[in-house]
Amino acid sequence: MLFRVVINGDVEIRREWPWDRVSRVKDRLKELGFRWNSEYWSGKVYSVSLIRELKDLLELTSEETERLMRTILVNSSGGVIGVEDLSSLGSIPSDCVLGEEGGLFIISLSCLIRDFIKNDRNYIGSASSFEEYVDRAVDGIRQLLAGKAVVGDLELALKRAREFALANSKLRDLYSRRVEWWTARLGLDSAELHFLSKELYEKLRGLTVPYYITDKEGNLNKRDLRLIRKDDIVRSGDKVMVRFPVFLRDTVRELLVKSGYRVVDLPWSPRQIQVPKDDVKLLPFQERALEAWLRAGKRGTIVVPTGGGKTFIALKALASVRVPTIILVITEELMNQWYERIMKNLGVRAGRLGGGYDDVREVTVAIYNSAVNRIAEISDKFDMAVFDECLPYDALVVTDMGLMPIGEIVERRLPVRVLTHKGRFMRVTNYFKIPLIKRIVRIIHEKGELVVTEDHLILTQGGWKPAIALRSGDTVYFYGKQVPSLRVGSSSTPGPKESLSYNTQLRFSNVKSIEEVGAAQGWVSITGMSRNVNEVGGIDRLSNMTGANGEVEEGGIRRGSPRPVLFNLVTREGAGELSDDTLFRPVRVLNVEAVRNEEVPREWNFVYDLEVEEDHSFVADGIVVHNCHHVPADTFKEVAFKLRAPFRLALSATPKRSDNNEHLIFLSAGDVVYQADYRDMVEARLVVPVRHFRIYVDLTPEERRSYERAGDNAIILRNIASMASAKVDVAREVVKAEVNIGSKIIVFTQFIKQAEELYKVLRDELGPIVALITSKTSDRDSIFKAFARGVYKVIVATTVLDEGIDVPDADVAVILSGTGSQRQMIQRVGRVVRASDGKVEARVYEVVARNTIEEALSEERHVKGEVLEVECRRYLADELRRLISHVISSTRLFSQ
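Residues numbered from 1 in each chain as written. Predicted model: local features only at pLDDT ≥ 70, side-chain atom pairs only at ≥ 80, totals over all residues. Heavy atoms only, no water.

A. A look at the overall build of the protein chain. From N to C terminus, the protein chain includes 26 helices and 45 strands. For the protein chain, with 896 residues in total, the buried portion stands at 57%. The contacts of the protein chain with a sequence gap of at least 6 include a subset with a gap of at least 24, amounting to 71%. Carbon and sulfur atoms make up 46% of the accessible area of the protein chain, which amounts to about 37,600 Å² in all. (Helix = DSSP H or I, 4+ residues; strand = E, 2+ residues; numbered from the N terminus. Buried < 20%, exposed > 50% of the residue type's maximum accessible area, 1.4 Å probe, protein only. Contact = heavy atoms within 4.5 Å. Areas by Shrake-Rupley, 256 points an atom, 1.4 Å probe, with all protein chains shown as cover.)

B. A look at the packing of aromatic side chains. By the definition in use, this model includes 13 aromatic pairs. A centroid spacing of 5.3 Å and a plane angle of 50 degrees characterise the contact between F116 and Y133, whose relative ring orientation is tilted. One end of the pair, F116, is in helix α4 (residues 109-119); the other, Y133, is in helix α5 (residues 130-145), with 17 residues separating them in the sequence. The pair formed by F116 and Y133 is uniform in burial state, with each residue classed as buried. Where F693 meets Y845, the ring centres are 5.5 Å apart and the plane angle is 35 degrees; that geometry is what we call tilted. Placement of F693 in strand β39 (residues 690-697) and of Y845 in strand β44 (residues 842-849) is noted, with a sequence separation of 152 residues between them. (Phe/Tyr/Trp six-rings, centres within 6.5 Å; stacked < 30°, edge-to-face > 60°.)

C. Region of interest: the sheet that holds strand β9 (residues 183-186). An order of β13-β14-β10-β9-β15 is seen for the 5 strands of this open sheet, with the pairing classed as mixed. The open sheet terminates on both sides in strands that have one partner only, identified here as β13 (233-236) and β15 (262-265). On average, each strand axis in the sheet is inclined to that of its neighbour by 25 degrees, with strand direction left out of account. (Pairing = 2+ DSSP bridges. Axes fitted to C-alpha atoms, helices over the stretch in contact; angles between N-to-C directions.)

D. Summary view of the packing of α4 against α5. α5 packs onto α4 with a crossing angle of 120 degrees between their chain directions and a minimal axis gap of 10 Å. Judged on the interaxial angle alone, α5 and α4 are oblique. Handedness of the crossing formed by α4 with α5: right-handed. Facing L109, L112, I113, F116 and I117 of α4, the residues of α5 in contact are F130, Y133, V134, R136, A137, V138, I141 and L145. Looking at the contact of α4 with α5, its residues break down into 12 nonpolar, no polar and 1 charged. (Parallel < 35°, antiparallel > 145°, perpendicular 65-115°, else oblique. Left-handed = near helix turned anticlockwise from the far one by under 90°. Nonpolar A, V, L, I, M, F, W, Y, C, P; charged D, E, K, R; others polar.)

E. Main features of helix α7 (residues 169-181). The end-to-end C-alpha distance of α7, which contains 13 residues, comes to 18 Å, matching closely the 18 Å that a straight helix rising 1.5 Å per residue would cover. Along α7, the positions that sit buried rather than exposed are L171, L174, Y175, R178 and V179. The buried residues of α7 occupy an angular sector of 135 degrees when the element is viewed end-on, so they sit on one face. Turned more than 90 degrees away from the buried face of α7 sit K170 and R177, all of them exposed. Summarising the contacts, the buried residues of α7 are in contact with α4, α5, α6 (154-167), β9 and β15. Between the side-chain oxygen at the start of α7 and the backbone nitrogen of K170 there is a gap of 2.9 Å, and the oxygen is on N168. (Expected span 1.5 Å × (residues − 1). Arc of directions from axis to C-beta. Polar contact = N/O pair within 3.5 Å; in protein donor to acceptor, adjacent residues only side chain to side chain.)

F. Examining the state of the cysteines more closely. The final tally for this structure, using the stated rule, is 1 disulfide. Disulfide pairing is shown between C96 and C111; the S-S distance is 1.9 Å. Here C96 and C111 share a disulfide; its torsion about the S-S bond, -75 degrees, makes the bridge left-handed. Residue C96 is located in the loop between β5 (80-83) and β6 (97-101), and its partner C111 is located in helix α4; the two are separated by 15 residues in the primary sequence. (Disulfide = S-S within 2.5 Å.)

G. Representation of the pairing of β13 in the model. One ladder, built from 4 bridges, connects β13 with strand β14 (residues 239-243); its direction is antiparallel. For S236, the partnering residue across the bridge sits in β14 and is K239. Taking the residues that link successive antiparallel strands as the turn, the β13-β14 hairpin has 2 residues, and the phi of G237 there is positive, at about 70 degrees.

H. Quick peek at the pattern of salt bridges. A full pass over the atoms with the stated rule returns 47 salt bridges. The salt bridge partner of R15 is E64, with a shortest N-O separation of 2.8 Å. Remark: E64 occurs in helix α3 (residues 62-75) and R15 occurs in strand β2 (residues 11-16); sequence separation between them is 49 residues. The same class applies to R15 as to E64, namely buried. A salt bridge links D680 to R288; its shortest N-O distance comes to 3.2 Å. (Salt bridge = Lys/Arg side-chain N within 4 Å of Asp/Glu carboxyl O.)

I. How the structure looks around the sheet that holds strand β20 (residues 363-367). What the 8 strands build is an open sheet, ordered β19-β18-β20-β17-β21-β37-β16-β38; its pairing is mixed. With one partner strand each, in any of the chains shown, β19 (357-359) and β38 (672-675) form the two edges of the open sheet. Direction aside, neighbouring strands of the sheet carry axes that sit 20 degrees apart on average. Where strand β18 (residues 351-354) lies against β20, 3 bridges are found, and the strand directions are parallel. Note that in β20 the partner of L353 across the bridge is A366. Packed on one face of the sheet, helix α10 (residues 284-295) meets β16 (299-303), β21 (384-388), β37 (647-652) and β38 and runs near 170 degrees to β38.

J. Geometry of the pairing of β39. Burial analysis of β39 places 8 of its 8 residues in the buried class, which makes it a mostly covered element. The alternating pattern of β39 places V690, H692, R694 and Y696 and R691, F693, I695 and V697 on opposite faces, both of which are buried. The sheet contact formed by β39 and strand β45 (residues 869-876) spans 7 bridges and is parallel. Of the residues in β45, the one forming a bridge with V690 is E869.

K. Geometry of α6. Under the 1.5 Å per step criterion, the end-to-end length of α6 is 20 Å for 14 residues, consistent within 8% with the ideal 20 Å. Regarding α6, the residues found buried are L154, A157, L158, A161 and A165. In a view along the axis of α6, the buried residues occupy a sector of 100 degrees, so they form one face of it. Taken together, the buried residues of α6 touch β5, α4, α5 and α7.

L. Layout of the packing of helix α19 (residues 701-709) against helix α20 (residues 714-722). Relative to each other, α19 and α20 sit at 170 degrees, their axes nearing to 9 Å. The angle between α19 and α20 falls in the class roughly antiparallel. Along its contact with α19, which presents E703, S706 and Y707, the element α20 presents L717, I720 and A721. Among the residues forming the contact of α19 with α20, the class breakdown is 4 nonpolar, 1 polar and 1 charged.

M. How the structure looks around the side chain of H194. Tracing the sequence through the fold places H194 in the loop between β10 (190-193) and α8 (198-205). When its relative accessible area of 15% is taken as the criterion, H194 is described as buried. Looking at H194, its side chain comes within polar contact range of the side chain of E180, at 2.6 Å. Among residues more than four places away in sequence, those in contact with H194 are E180, W181, T183, R185, D238 and K239.

N. Broad picture of unusual backbone geometry. In the Ramachandran plot, N8 falls in the positive-phi region, its phi being about 55 degrees despite a non-glycine side chain. Along the chain, the position of N8 falls in the loop between β1 (2-7) and β2. Unusually for a residue other than glycine, R322 sits at a positive phi of about 50 degrees. If you trace the backbone, R322 turns up in the loop between α11 (310-321) and β17 (325-329).

Note that every value here comes from positions in space, so none of it alone points to a role or purpose.
Have a look at this one:
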């Protein structure tokens, strides 16, 4: 019988088949959507796969197949197109290429969609539905074919291919299975996956942050700290669990999406607590800081100079979010201060952790070291963490070129040698400037004091000990101050007497005997040496020390060197790594105390360290110390990384960072969201503006000759210029004038000798209203209390005042000598800018040696952006009377 089929309205197929064959074919045509119109079967095909089936079902000839293919290409009814250049499409599945007809390659778009769903992962994570995923597949195919020579209606073919895909239940099921397989469920600090791709694993393990660790000898070494460790990625049943610090959640989410995962955020909502009252009133700039933190998702760092009310911003944040909160602090004093302010302003009785307290509540103030011991118990108890930033310090280091602040050595990477515990000058091999997290302690000993971080290793009678472990009565080793005019022999050109404030004492590490000492107190002066200072340790024997100048002819030392060196020979037992012939004097520790918060200067946001070859030690503020341990602490890392609190607020007093390094506290809390401008502080009457006067003096002829002989050694040049004798007369006149108009003055110097000379001059002229503070001063507190009461009107000080003594009612700073460090200048100016009743300005007089390196240093340390400088003028020394007249008249005007 005759069997007729019309396909796509244009291709007619005629067959003479027996009834049983017709019956089987018509049943399949019905399934394919064909209909009987009483004369023939008719229908349409939308894909090449159907053409292939019909080819077998209807026994199509090549001609019939080609005619049918052409109808598809003409009307694209099956999602098929033809292209002339197959290579232009790149790599596509071979089964999507149906063949070649008349120089055209027949491409099935439906097949390409199926392959997209089967193999592509780029969109699986971001598509919200099967329909959206198919649409993205269609867009991808459209982009693939853009600009190619295509035969057929491309848009119609894409439309047909899309319709076919949406109607295909197998494709829909495949999509659902792939979506589930690529779904990651993301919590606050963990992610649950069906599998972990190699690409994602490498990205997660590649998340690092610079971190400083200490080796067994106390040396600092920079490492890349992995934020996600191997044991943070574990298999749990048929799932993979990835744990991470809560502050990395956004980063992990981004990596999941980029790796093709579909991220489902697990529900979380903050717990609420009761805050009985809110008595915190913020200033406008403080309100802006809080609003910026809230807009940033309750994460970030707020930078406000000391005195700007950082604590009150945090209290207002707590009152606003009202969630369980932990405040992390460094010292017991800070913990108690926070406790009192929380109770006073919010009516919340906070818990305390540390300092003898073990009371965890909805709001808790904790010392880092105590928090880390309980971190497993408290990690999920809080929804907000506040990090109250700790601050750093500078210390004076004995170098072969004189006494220098460690900060200056590091900032300038100066190629100096430093005195070590083995009594020799050794080369600095590395420099470190590191954000401080550890708590600061003050070690008071028989010869003065040393301010360090709690884990700084100090050489004691029993060996190296952390500063915090020292107790009253312990023995430490002190570098004395016997001959302030001593010069040090080295490979560098020797400087003038003024280049050292303290004498240099060296130790022969291998000396076998001392037969004759030519000084009453164990001092030996040697005028000649056969090699550099750092090599003297190889001498086996010293003897026959004779003559007024102590010349020595034995032991490998010859006469003739113009470089005198002084050695202090002190013998004692049990000095840790020191041998019997140590040159450092044992002194008793009188007290070890945490530095009070109000004594911490606002600029101590960094600590400095030196890596010293072989000996791994140096002398800081007269005390033998090991390579420092001023690093972001393991305790801080353990607390900040393991707390699950997503809301985080870091408080920083640092107005400006110069190293641009990321460090742990900012990583864990978030980037800076608000930085207060100094003008904000002035407008809020927290500080006053500054008038800055530079007075230029000339070197004497003798000083000029010394300066010119110093060559290009910047340190010696600076020291000569700093000690210019004309500075004392200028300082005397400025101080007298300021005292006459009722000011309180602090004079800053870099050298003890200069401070003592000026103090004597001022004391003779002004009497008992003048006080002197150096590292040898033991009663500083009483001096500052008397200064606050007005008993003293003038304080002359060395760099000891750079280290955190707060004098809020001083009016005038006189900078007689200093370094080129902006940080030091900010510290000094900061002593006089705090506002007080009736105070309208602070005045800074900077005395500079003209035509010397000090002019450049003055420019370098100029703190234009750190204070509100309303006036900056330059005067020569012979214009001093005009300057004083200007100050007096303008001060009277301001007072009126």
